[in-house]
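Listed below are the residues making up each chain.
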Amino acid sequence: MKILACGIIILCAFRFYRVKSFFITALVFLFSNFIFLGIIIGLYLIFNSDLIAVKNGTVYFDIGAKELLFSALFAYIISAVIVRIYNRQLSKGELYMLEIENNGKKASAFALCDSGNKLREPFSNYSVIVVKSEVVEGLFDESTMRLIPAATVNSDSYLKAFKPDRIVIKNSKGEEVIENAYIALSDEMKKDGFSAVINPEILSV
């Protein structure tokens, strides 16, 4: 039951992308819980506080509702700050090489990691990689076209997207095959140095 609960928590929090990523996330989740329990037991043994009780591997806190809500809010703020800093650092890092293959044709482009790209295909909930139209215009397949809702500061629009046969993302650490993602075409990408924008959440390299 505990293993099942662990799997459900991970699916609810991170969704399912790949089997490898799921098991890595599960190991990190369990490891962090072991560390948390070890710290709490250490504090309990050192200070012998009446506010903490440990029984059968379960930690109990004798605190009121106000303190509980404040602690949850504080933990959320700290977590949000850490994630924002991490995503900014990731976005400032090296560019990725994006390779796309569809119907026997290939295209490649430099891609930037940007946590601001939260686009997803509505029906499958797959992540969306935004690419300059001219890069993949020879790969686009009308029969598999989807319309992706995209909101900007100035307006709301729809981007044409398709699911290619193969997507590979490379950097200095290695390469990764992205199985469940869509390629969306954009004519508004004007920055130099890269021709695609990917969400860091789909990467593990």
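Residues numbered from 1 in each chain as written. Predicted model: local features only at pLDDT ≥ 70, side-chain atom pairs only at ≥ 80, totals over all residues. Heavy atoms only, no water.

(A) Examining the overall build of the chain more closely. A count of helices and strands for the chain gives four helices and eleven strands. Scaling as 2.2 N^0.38, a compact globule of 205 residues should have a C-alpha radius of gyration of about 17 Å, whereas the chain reaches 22 Å, well beyond that. With the principal axes as the frame, the chain shows a C-alpha extent of 70 × 35 × 35 Å. Within the chain, the fraction of its 205 residues that count as buried is 31%. For the chain, long-range pairs separated by at least 24 residues make up 59% of all intrachain contacts whose partners lie at least 6 apart in sequence. (Helix = DSSP H or I, 4+ residues; strand = E, 2+ residues; numbered from the N terminus. Rg over C-alpha atoms; globule rule 2.2 N^0.38 Å. Buried < 20%, exposed > 50% of the residue type's maximum accessible area, 1.4 Å probe, protein only. Contact = heavy atoms within 4.5 Å.)

(B) Representation of the sheet that holds strand E3 (residues 96-102) in the model. Overall, mixed pairing links the nine strands, which are arranged E6-E7-E10-E5-E11-E4-E3-E8-E9 in an open sheet. With one partner strand each, in any of the chains shown, strand E6 (146-151) and strand E9 (174-178) form the two edges of the open sheet. On average, each strand axis in the sheet is inclined to that of its neighbour by 35 degrees, with strand direction left out of account. (Pairing = 2+ DSSP bridges. Axes fitted to C-alpha atoms, helices over the stretch in contact; angles between N-to-C directions.)

(C) Region of interest: a nonpolar patch on the surface. There is a patch of nonpolar side chains on the surface, built from Phe31, Ile35, Ile39, Leu43, Ile46 and Phe47 and spanning about 650 Å² of accessible area. Counting through the fold element by element, Leu43 comes out in helix H2 (residues 19-47). (Patch = residues over 30% accessible without salt bridge, like charges linked within 9 Å, V, L, I, M, F, W, Y side chains within 5 Å. Areas by Shrake-Rupley, 256 points an atom, 1.4 Å probe, with all protein chains shown as cover. Salt bridge = Lys/Arg side-chain N within 4 Å of Asp/Glu carboxyl O.)

(D) Main features of the pattern of salt bridges. What the rule picks out here adds up to three salt bridges. Put simply, Glu99 and Lys170 hold a salt bridge, and the shortest N to O gap is 3.1 Å. Remark: Lys170 occurs in strand E8 (residues 166-171) and Glu99 occurs in strand E3; sequence separation between them is 71 residues. On the basis of relative accessible area, Lys170 is assigned to the partly exposed category, the value being 27%. Glu121 is paired through a salt bridge with Arg146; the nearest N and O atoms lie 3.8 Å apart. Here Glu121 is found in the loop between strand E4 (105-113) and strand E5 (127-132), whereas its partner Arg146 is found in strand E6, with 25 residues between them in sequence. Look at the salt bridges and you will find they share partners, linking Glu99, Lys170 and Glu175 into a network.

(E) Representation of the pairing of E9 in the model. Taken together, the five bridges between E8 and E9 define a ladder with antiparallel strand orientation. Each bridged residue has a counterpart across the sheet, and for Ile169 the counterpart in E9 is Glu176. Two successive antiparallel strands, E8 and E9, enclose a turn made up of two residues.

(F) Geometry of the side chain of Asp141. With respect to the secondary-structure elements, Asp141 resides in the loop between helix H4 (133-136) and E6. The side chain of Asp141 sits in the buried core without any salt bridge; Arg146 is the nearest counter-charge, 9.8 Å away. (Lys, Arg positive; Asp, Glu negative; His and termini not counted.)

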